[in-house]
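One letter stands for each residue in the lines below.
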Amino acid sequence: MKNKHKTGVTKMKKSLLSVISLLLVMSLFLAACGGNDSKSGEEKESAEKTTEPQQGGKVTYALGGEFQGLLEWAFYEEASDSEIIQFFNESLIQTDDNLNYIPGIASWETEDNQHYTFTFKEGVKWHNGEELTVNDWVFALETIAHPDYTGPRYVNVKDIVGAPEFHDGKAESISGIKVIDDYNIEITFDKARVNNLENLWTYPMPEKHFEGVAVKDMASSPQVRQNPVGLGPFKVKNIVQGESVEMERFDDYYQGKPNLDTVVVKVIDAALTSGVLQSGEVDVMSVHASNYEQVAALDNVNLEKVLGLSYSYIGFKFGHWDAEKEQNVMDNEKFQNLQLRQALVHALNREEWIKGFFNGLGEVVDTPVPSAHWIAADKEDLTHYEYDPEKAKTLLDEAGYKDVDGDGFREDPNGEQFSIQFAHYAGSNPTFEPRAKYIVQAWNEVGIKTEFAKGALIDGTLYYDMLEKDDKDMEVHFGTWGTGTDPDPSGLWGRDAIWNFTRWTDDKNDQLLEDALDVSIVGSDQEKRKELYVEWQQLWNEQLPIIPIVEYYDLWGMNKRVQGVHVSAPGLSDFHKWYVTDGK
Amino acid sequence: MLKFALRRILGMIPVLLLISIVVFTLAKLMPGDSLSGEIDPTNTDPQYIEEMREKLGYNDPIHIQYIRWISDFVQGEFGTSSRYKMPVIDVIAERLPNTLLLGVAALIITYILAFFMGMYSGRKPYTVGDHVISGGNYFALAIPSFVAAIVAIYVFSFQLGWFPSGGSSEVGLMEGTFAYYMSRLHHVLLPALVLGAFSTASYTQFLRNDVIENSRKDFVRTARAKGTKESTIYNKHILRNSIIPLVTFFGFDLAALIGGAIITETIFTYPGIGSLFLNSVSQRDYTVLMSLTMLLSTLTLVGNLIADILYGIVDPRIRLD
Amino acid sequence: METATNTSLKANIKPRKSLSPWAIARKKFVKNKLAMVSLIFLIFVAIISFLAPFITTADVTKVDIGKMNLSPSSEHWLGTDNAGRDVFTRLLYGGRISLTVGVACTILIVTFGTFIGSVAGYFGGKIDNMLMRFTDFVLNFPFIVFVIVINTILIGKVSGVWVLIGVISLLSWGGVARIVRSKVLAEKENEYILAAQSIGCSSAKIIVKHLLPNVFSTIIVQATLLFAGMIVAETGLSFLGFGIPQDVPSWGNMLSVANQPDVLQNKTWIWIPPALAITLTILSINFIGEGLKDALNPKSNR
């Protein structure tokens, strides 16, 4: 999935908690029978291959929950909508499996990472018959920058010269956009940045289709909700709100006529996964860890497993967010002691945690960067903190956290009572509570008194808001993020990132992040950029402002008759290449 | 009669008003501002948030906000759902038919089953059949609806595979076709059965007891003496007498259906307004929450009103003041 | 002729002690086999629930990954749940919670409802009107909304169990009030009440000493049925996630995992015990209630 999310990272808000539950409902089933499936985990294509893709047929794809229905890239908010849009609309630029940008409908050139020239392929058609031109892209950019725009993507347009003026209503158009002809366009950014392109919004909107619709009405218009128009291999035929979307083949797709006749996206309760896959009611569905065993046992289904882009971590609170200066301020001494943090890592058996609560469908991770990403550091370059409660206890003793009053819990080096309030979000997933409890228990076992912040799991819809506001009780928190295409971690872990809930600041942290974005230092040398990011990961690995726990596997259940599906960390793709072996 | 109904309806208004005040207050008290649902989630600029707060009226004193909401509400302006980004009316309108279908199906099943079982038990009391039915009834009365739903799914959906375990219909069927309607019915049967289980049991028991009592009465003896057929006695004379009090339960049933639907729809993931209601609570979709609460409360009150009216009609001794 | 017959008659006829209505009721109840069995069952369940800490030593809250989802064995009679906790132990502790909530709510509701109902029924007029309006309001209030919202607001600030008890009780006394009121309305027309009034008995005394004891039988039956209803309420709410939080076991939240089809189909030992416990408990309460109704009803002839 090459969806643009805010500055390259996705915030887990209440709506996206549903993404997490979509991807990762944890189970507590002992993987006694072996949580590892027999198929190779890195396989990208379906196991069986028939010789030639066949024409015709229908594939039914399941969504684990209701979709909102904002079926236009510029307006969608929830992942479930993007799962539908991906079939019928696409970006101008594609990404490979490691989230690198590669040319698609558009290719680009730049000398200075500030002035870009884009060239569009000719003859690419929209579903309504109109040909794609750069004007459609300008239309999209101007819609998003429009003062009446109701969606969340302005941040992906604001760096273009003239965008803020347009956004404030002071200009008639965006000055930094120059249309050369129908297929060529120049875009100038307000300054040179290494990731200007990654930040830019690259989804055009069909100008003709939206004729007569005011920007403020677009989100609720039938053009978005009932009969959206796209560039992709399938076009929307019928929508039943909240239940299903039926799509049929678009013969004029620019990459060639798609193989399938029809794609149906259906909302299916995740609880019914194995049932619908077995009966054939659904052909392709993402599978939660809790349903893994059942689906693996089905003989008409291939289970594809690929390391995804989401991970969970435990964060310490080091300070607060200064809203005026728009910066993190580190003024909380409590967790400053590095040995304390190291001890807490060693006290945690992350492997067992994954095995127990995820059916083994995750990997221990020591950095806040998922391995699928091209900037991910190799395991050899990082320290892996083994589960070692004895070592934890020794570290704590050395750091001065000893039990002086004999109550079974350690006091801090000053002899004062010391305890940790641990926060975890609540949700409908029944494994949340035991897995949070497990962490609390582990720390209690090495003598650090730990309790649930606020006495219980915290309401999922409020959790991240409370974290953002630096709620006093949430001293140590559990969090989950999913990353997007832009590797830049500043949005989540930098000094001016409000979403850096740890509020940890460090000069080297700032320096590395800045340098990696600095055109004068890295230019367009990706290797150089990666080096800087590896150093950054090593910094985090050493300093442990967070304890990374696990990166999750994405599981896809696919009926054996469906072939040609490309499975990778960002998701499924190559929809026009999908075919079915039985022609149905 | 009419005066009574009118007076009651007028009496409902202050109650509804009071309920609306309480609901509104509760929604405001709930942690989690509905503001965040209505504005751009990625814009964390405090200035922007303050602007929107002012613009959307959150800084106005509470009673102004309330008045604004309630006056919009009675004019049919239910607001916009922060989750679905659609007018609340549309969201509700989409799901209402499903719940109606469920409710009607439950009622029909209840009456049919109760009728047959009740008459049978009443005619042949203390036989094996009667004991079996009574035993089943006791069970149905004791088992809470969510337990019943789970067990029903387990037995009828998973083990026996007779019914689907969720949803409202098979997707991909063209609306309006016969297959589509059949699928709708198929999907609604199990939830309707569970929803109506409690009522079915109580009606059956009631009918049975009433039939037995009536069969001891004089008019039955007379009819028998006259040589009337047994079946006519039961199906015409006794039934007519017994059905009447049953009718009065209808109003209460209506109110109970509403509450029961919430649980049943959730467990069966049946897309009706019951599950919409619970979802709006967990999702903090305040506009939907408040609108639905008012809707459900009104329905409950109407149900009670119907019950009282029917009771009055049925029993001439009750003078409705 | 001797007076043999007289003496033998005299000797054989013992003066029959007349039984109080309570004794009659008790005898009738005891004869009701179903009710007695239910009573014994209920007492049994209550006892083993409250003696839970002495019966099992397993830790109810400890998460043990190594022991997750084990099927029943000699070590774990009912197997373990999704966090490695012994199901049997949780069942017993859960019984504590569910029964306690049931009893506490019932007591609160009966007390408050009787108070309102008797005052309204006795004084009549404006007071009655006002109180009944209020009662109507509470009766019609959407229960679920209130409970869920209050729970959400207060979570973390006050211990979950008592919040739940308070909230449920707050909304459920309407029915009792109504019934007590109608009974009191009927009773107060009786002459003994008029007599008491005429000798200057205070209203409070009349209500408490004269009216209530006669209404008592109704109240008892209501209370029993209420008890069952309260257990359903608590378990239902916990099942939906709006009641007792998962850490503290209750029959309701033990059932909530049954929402996952995997648990439903393959791990039946996790949800069948609480489902059975709830159903059987309510069943017995219902029988007891019916038994009481029959026993206290002078017109029934069992």
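Keep in mind it's a predicted model, so treat the numbers as computed, not measured. By convention here, each chain's residues receive numbers from 1 onward along its written sequence. Key to labels: chains lettered from A, ligands numbered from 1, both in the order written. For a predicted model such as this one, the threshold for reporting local features is a pLDDT of at least 70, and the threshold for listing and counting side-chain atom pairs is 80 or more; totals across whole chains, interfaces and linings nevertheless cover every residue. Only hydrogens and water are set aside; all other atoms, that is, all heavy atoms of the structure, feed into the side-chain values.

1. Side note on the overall build of chain C
Selection criterion: Labels follow the DSSP assignment, with helices taken as runs of H or I lasting at least four residues and strands as runs of E lasting at least two, numbered in each case from the N terminus. Each residue is assigned to one of three classes by its accessible area relative to the maximum for its type, calculated with a 1.4 Å probe on protein chains only: buried under 20%, partly exposed between the two thresholds, exposed over 50%. Residues count as neighbours in contact if any of their non-hydrogen atoms are within 4.5 Å of one another. Working definition of accessibility: Shrake-Rupley area with a 1.4 Å probe, residue cover restricted to the visible protein chains.
Counting secondary structure elements, chain C contains 14 helices and 0 strands. Secondary structure of chain C in N-to-C order comes out as α-α-α-α-α-α-α-α-α-α-α-α-α-α. Burial statistics for chain C: of 302 residues in total, 51% are counted as buried. Taking contacts inside chain C between residues at least 6 apart in sequence as the whole, the part at least 24 apart equals 69%. Carbon and sulfur atoms make up 66% of the accessible area of chain C, which totals about 14,700 Å².

2. Thoughts on the sheet that holds strand E8 (residues 184-188) of chain A
Residues and elements named next belong to chain A. In plain terms, the rule: Note: two strands are recorded as paired if DSSP finds a minimum of 2 bridges between them. Angular values range over 0 to 180 degrees, each being the angle between N-to-C directions of two axes fitted as lines to C-alpha atoms, with helices fitted over their stretch in contact.
Spatially, E5-E6-E8-E7 is the arrangement adopted by the 4 strands of the open sheet, whose pairing is antiparallel. Pairing within the sheet leaves two strands with one partner each, and these edge strands are strand E5 (106-110) and strand E7 (177-181). The sheet shows a mean angle of 20° between the axes of neighbouring strands, taken without regard to direction.

3. Topic: the interface of chain B and chain C
Going by this rule: The quantity reported as buried area is the accessible area (1.4 Å probe) lost by two parts once they are put together, taken as the sum for both. What makes a salt bridge here is a side-chain nitrogen of Lys or Arg within 4 Å of a carboxyl oxygen of Asp or Glu, nothing more. Any residue outside Ala, Val, Leu, Ile, Met, Phe, Trp, Tyr, Cys, Pro, Asp, Glu, Lys and Arg is labelled polar, Gly included; the first ten of those are nonpolar and the last four are charged.
Every contact between the two is made by 33 residues of chain B and, on the other side, 34 residues of chain C. Between chain B and chain C, roughly 3,200 Å² of surface is buried when both sides are summed, and carbon and sulfur atoms account for 85% of that area. Here chain B and chain C share 0 salt bridges between them. For the side of chain B that touches chain C, the elements supplying multiple residues, two or more each, are helix H1 (2-29), helix H6 (128-142), helix H7 (145-159), helix H10 (230-267), helix H11 (273-282) and helix H12 (286-314) of chain B. Among the elements that take part in the side of chain B that touches chain C, H7 of chain B stands out by supplying 7 residues, more than any other. By residue class, the composition of the side of chain B that touches chain C is 28 nonpolar, 4 polar and 1 charged.

4. Section: the pairing of strand E11 (residues 262-267) of chain A
Residue and element names in this part refer to chain A. Here E11 lies mainly inside the structure; 5 of its 6 residues are buried. Where strand E2 (residues 58-63) lies against E11, 6 bridges are found, and the strand directions are parallel. Along E11, the bridge assignment pairs Thr-60 with Val-264.

5. Brief notes about the pairing of strand E18 (residues 449-452) of chain A
All names here are of chain A. Note the cut-off: Crossovers are marked right-handed if the path from the first strand over the helix to the second runs clockwise, as seen with the strands pointing away from the viewer.
The side-chain alternation of E18 yields one buried face, formed by Thr-450 and Phe-452, and one unburied face, formed by Lys-449 and Glu-451. Pairing analysis gives 4 bridges linking strand E17 (residues 419-423) to E18, with the strands arranged parallel. Within E18, the residue paired with Ser-419 across the bridge is Lys-449. Where the polypeptide runs from E17 across helix H12 (residues 432-445) and back to E18, its parallel neighbour, the crossover connection is right-handed.

6. Details of the environment of Gly-176 of chain B
Residue and element names in this part refer to chain B. Following the sequence through the fold, Gly-176 ends up in the loop between H7 and helix H8 (178-215). Classification of Gly-176 as partly exposed rests on a relative accessible area of 48%. Expressed as a C-alpha distance, the spacing of Gly-176 and Ala-192, which sit 16 residues apart in the sequence, is 22 Å.

7. Concerning the nonpolar core
Heads up, the rule is: Nonpolar core, defined: a set of buried Ala, Val, Leu, Ile, Met, Phe, Trp, Tyr and Cys residues in which side-chain atoms within 4.5 Å join the residues together.
One finds Trp-69 and Leu-276 of chain B to be the most contacted residues of the largest nonpolar core, which totals 87 residues. A total of 11 residues in this core trace back to one element, the largest contributor, which is helix H11 (residues 203-240) of chain C. Apart from residues lying up to four places away in sequence, Leu-276 of chain B is in contact with Tyr-84, Val-91, Ile-92, Arg-95, Val-288 and Leu-292 of chain B. Within the second largest apolar cluster, 82 residues are counted, among which are Trp-443, Val-476, Ala-516 and Ile-547 of chain A.

8. Quick word on helix H5 (residues 87-123) of chain C
All names here are of chain C. The line we're drawing: In a helix, the anticipated span is given by 1.5 Å times the number of residues less one.
For H5, spanning 37 residues, the distance from its first C-alpha to its last is 53 Å, which sits close to the expected 54 Å at 1.5 Å a residue. Counting buried residues along H5, 28 of its 37 residues qualify, which places the element largely inside the surrounding structure. Looking one or two places after H5, you find Gly-124, whose phi comes out positive at around 60°.

9. Some words on helix H2 (residues 79-88) of chain A
Side chains three or four residues apart in an α-helix point the same way, a direct result of the helix having 3.6 residues per turn. With 10 of 10 residues buried, H2 of chain A lies mostly within the body of the structure. Turning to H2 of chain A, its buried residues number three or more, namely Ala-79, Ser-80, Asp-81, Ser-82, Glu-83, Ile-84, Ile-85, Gln-86, Phe-87 and Phe-88 of chain A.

10. Concerning the packing of H1 of chain B against helix H4 (residues 62-74) of chain B
All names here are of chain B. To keep it simple, the criterion reads: In what follows, roughly perpendicular refers to angles from 65 to 115 degrees, roughly parallel to angles under 35, roughly antiparallel to angles over 145, and oblique to any angle outside these ranges. Crossing handedness is read from the near helix: turned anticlockwise from the far helix by less than a right angle, it gives a left-handed crossing, and turned clockwise, a right-handed one.
Packing of H1 against H4 leaves a shortest axis separation of 11 Å and a crossing angle of 125°. Looking at the two axes, H1 sits oblique to H4. The handedness of the crossing between H1 and H4 comes out as right-handed. Within the contact between the two elements, H1 uses Leu-17, Ser-20, Ile-21, Phe-24 and Lys-28 and H4 uses Ile-62, Gln-65, Tyr-66, Trp-69 and Ile-70. Class assignment of the residues belonging to the contact of H1 with H4 gives a composition of 7 nonpolar, 2 polar and 1 charged.

11. Things to note about the confidence of the model for chain C
This is how it is decided: How sure the predictor is of each residue is captured by pLDDT, a score from 0 to 100.
Looking at chain C as a whole, its pLDDT mean stands at 80, while 90% of the residues score no less than 70. Per-element mean pLDDT across chain C ranges from 56 in helix H1 (residues 4-12) of chain C up to 89 in H5 of chain C.

12. Digging into the packing of helix H2 (residues 21-31) of chain C against helix H14 (residues 268-296) of chain C
Residues and elements named next belong to chain C. Packing of H2 against H14 leaves a shortest axis separation of 8 Å and a crossing angle of 135°. The angle between H2 and H14 falls in the class oblique. In terms of crossing hand, the pair formed by H2 and H14 is right-handed. Here H2 contributes Trp-22, Ala-25, Lys-28 and Phe-29 to the contact with H14, which in turn contributes Ile-288, Gly-291, Leu-292, Asp-294, Ala-295 and Leu-296. Its residues assigned to classes, the contact of H2 with H14 comprises 7 nonpolar, 1 polar and 2 charged.

13. As for the packing of aromatic side chains
Test applied: Side-chain rings of Phe, Tyr and Trp, where Trp is taken by its six-membered ring, are said to pair if the distance between their centres is within 6.5 Å; with planes under 30 degrees apart they count as stacked, over 60 as edge-to-face, and otherwise as tilted. Criterion for a charge above a ring: Lys NZ or Arg CZ within 6 Å of the ring centre, and within 35 degrees of the ring normal.
Taken as a whole, this structure holds 51 aromatic pairs over all chains when the rule is applied. With centroids separated by 5.1 Å and ring planes inclined at 65°, the aromatic side chains of Tyr-401 of chain A and Phe-418 of chain A adopt a geometry described as edge-to-face. Of the two residues, Tyr-401 of chain A is situated in the loop between helix H11 (389-399) and E17 and Phe-418 of chain A in the loop between H11 and E17; the sequence distance between them amounts to 17 residues. Phe-418 of chain A shares its class with Tyr-401 of chain A; the two are buried. Between Phe-112 of chain C and Trp-173 of chain C, the ring centres sit 4.9 Å apart and the planes meet at 85°, which makes this aromatic pair edge-to-face. Highlighted residues: Phe-112 of chain C in helix H5 and Trp-173 of chain C in the loop between helix H8 (160-172) and helix H9 (174-187), separated in sequence by 61 residues. A relative accessible area of 36% means that Phe-112 of chain C is categorised as partly exposed. Stacked on the ring of Tyr-553 of chain A, the Lys or Arg Lys-305 of chain A has its end atom at 4.5 Å from the ring centre. Taking NZ or CZ as reference, Lys-334 of chain A lies 5.1 Å from the ring centre of Phe-418 of chain A, over its face.

14. Focus on a negative patch on the surface
Spelled out, the test is: Without a salt bridge and with relative accessible area above 30%, a residue can belong to a patch; like charges are then joined within 9 Å and nonpolar side chains (Val, Leu, Ile, Met, Phe, Trp, Tyr) within 5 Å. Residues counted as positive are Lys and Arg, residues counted as negative are Asp and Glu, and His and the chain ends are not counted. By convention, the charge on Lys lies at NZ, on Arg at CZ, on Asp at CG and on Glu at CD.
Together, Asp-525, Glu-527, Glu-531 and Glu-535 of chain A make up a region of like negative charge exposed at the surface. In this structure, Glu-531 of chain A sits in helix H17 (residues 526-543).

15. Things to note about the pattern of salt bridges
Residues and elements named next belong to chain A. Summed over all chains, the structure comprises 33 salt bridges over all chains. With a closest N to O distance of 3.0 Å, Arg-350 and Asp-366 form a salt bridge. Taken together, the residues Arg-350 in helix H10 (residues 350-358) and Asp-366 in the loop between strand E16 (362-364) and H11 connect sequence positions 16 residues apart. Judged by its relative accessible area of 2%, Arg-350 is buried. For Asp-366, a relative accessible area of 9% gives the class buried.

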